[in-house]
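Understanding the architecture of this molecule
Here's the letter readout for the chains.
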Amino acid sequence: KNEVEQSPQNLTAQEGEFITINCSYSVGISALHWLQQHPGGGIVSLFMLSSGKKKHGRLIATINIQEKHSSLHITASHPRDSAVYICAVQKTSYDKVIFGPGTSLSVIP
Amino acid sequence: EPEVTQTPSHQVTQMGQEVILRCVPISNHLYFYWYRQILGQKVEFLVSFYNNEISEKSEIFDDQFSVERPDGSNFTLKIRSTKLEDSAMYFCASMTSGETQYFGPGTRLLVL
């Protein structure tokens, strides 16, 4: 069983739409990460969360530790947001990152 | 902003050849990692390295793989005898204690 699951697997949105990507995990964690991967392949860290909510520009990430669930929201989506968004967890502060399968987002003008 | 760098960005090699992938982690970081991503699949952990030794390795990281920190700055992944299934994007990451992991841009390895 995968330790990190994401939904949806693929998502197409119209420019300006509010987008939500969900992540659930099955292990105890010290931190959850949201990462972005563009078609060129590079991985960029968006958020690292251990509780509550974080906001950066149009991106908002929330986590519910009791329910083992996190969401990534994108407000006023734009075609440049098109990428794969990956949820990943760490069991301890120094541990490897365990990656989810990713959600492929395409924002259409 | 400091960043993790990797060289080469792309490498094509023949099956059975040795390859060395190089990473320069962020200078004050202490924890180093290699991950790989086969095309169309999720990113998988290979190995973690701390205090000049391997702290954890995955089942993928068999005897064909080795890691080294030959000097104070570089962190290398060596594949001794490449196989077709080693074709993947390889990511290096580094971290200081309790902070987020910073990922390099990756090396795309193609084994023919």
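Everything discussed here concerns the structure shown above.
Presented here is a report on the structure given in the accompanying data block. (Residues numbered from 1 in each chain as written. Chains lettered and ligands numbered in written order. Predicted model: local features only at pLDDT ≥ 70, side-chain atom pairs only at ≥ 80, totals over all residues. Heavy atoms only, no water.)

Approximately 580 Å³ is the volume found for the largest pocket. Those elements that provide at least two residues to the lining of the largest pocket are strand 9 (83-90) and strand 11 (103-108) of chain A together with strand 2 (10-13), strand 9 (88-95) and strand 11 (107-111) of chain B. Considering only residue class, the lining of the largest pocket consists of 14 nonpolar, 15 polar and two charged. (1 Å grid on protein atoms, 1.4 Å probe; cavity = no way out; pocket = protein on both sides within 12 Å on 5 of 7 lines; lining within 4 Å. Points joined across faces, edges and corners; volume = space filled by probe spheres on them. Helix = DSSP H or I, 4+ residues; strand = E, 2+ residues; numbered from the N terminus. Nonpolar A, V, L, I, M, F, W, Y, C, P; charged D, E, K, R; others polar.)

Further remarks concern the packing of aromatic side chains. All names here are of chain B. The full count for this structure, using the stated rule, is 11 aromatic pairs over all chains. Ring centres of Y33 and Y35 lie 6.2 Å apart, and the angle between their planes is 25°; on these two criteria the pair is classed as stacked. Assigned by exposure class, Y33 and Y35 land together as buried. An angle of 40° between the planes, with centres 5.3 Å apart, marks the rings of F49 and F75 as tilted. Residue F49 is located in strand 5 (residues 44-50), and its partner F75 is located in strand 8 (residues 75-79); the two are separated by 26 residues in the primary sequence. (Phe/Tyr/Trp six-rings, centres within 6.5 Å; stacked < 30°, edge-to-face > 60°. Buried < 20%, exposed > 50% of the residue type's maximum accessible area, 1.4 Å probe, protein only.)

What follows deals with the environment of R22 of chain B. Residue and element names in this part refer to chain B. Within the secondary structure layout, R22 lies in strand 3 (residues 19-24). Sequence spacing of R22 and A88 is 66 residues, and the spatial spacing of their C-alpha atoms is 15 Å. Not counting residues within four places of it along the chain, the set of residues in contact with R22 comprises T5, Q6, T7, W34, F75 and T76. (Contact = heavy atoms within 4.5 Å.)

Further remarks concern the nonpolar core. In terms of nonpolar packing, the biggest core is built from 23 residues, with V4, I19, L32, W34, L72, Y85 and V89 of chain A touching the most fellow members. Elements with a minimum of two residues in this core: strand 3 (19-25), strand 4 (31-37), strand 5 (43-49), strand 7 (59-64), strand 8 (69-74), strand 9 and strand 11 of chain A. Discounting residues that sit within four places of it in the chain, L32 of chain A has contacts with C23, Y25, F47, M48, L49, I63, S70, C87, A88 and V89 of chain A. In terms of nonpolar packing, the next biggest core, distinct from the first, is built from 21 residues, V19, F49, A88 and C92 of chain B among them. (Core = buried A, V, L, I, M, F, W, Y, C linked by side-chain atoms within 4.5 Å.)

Without other data, these values stay purely geometric and don't point to any function.
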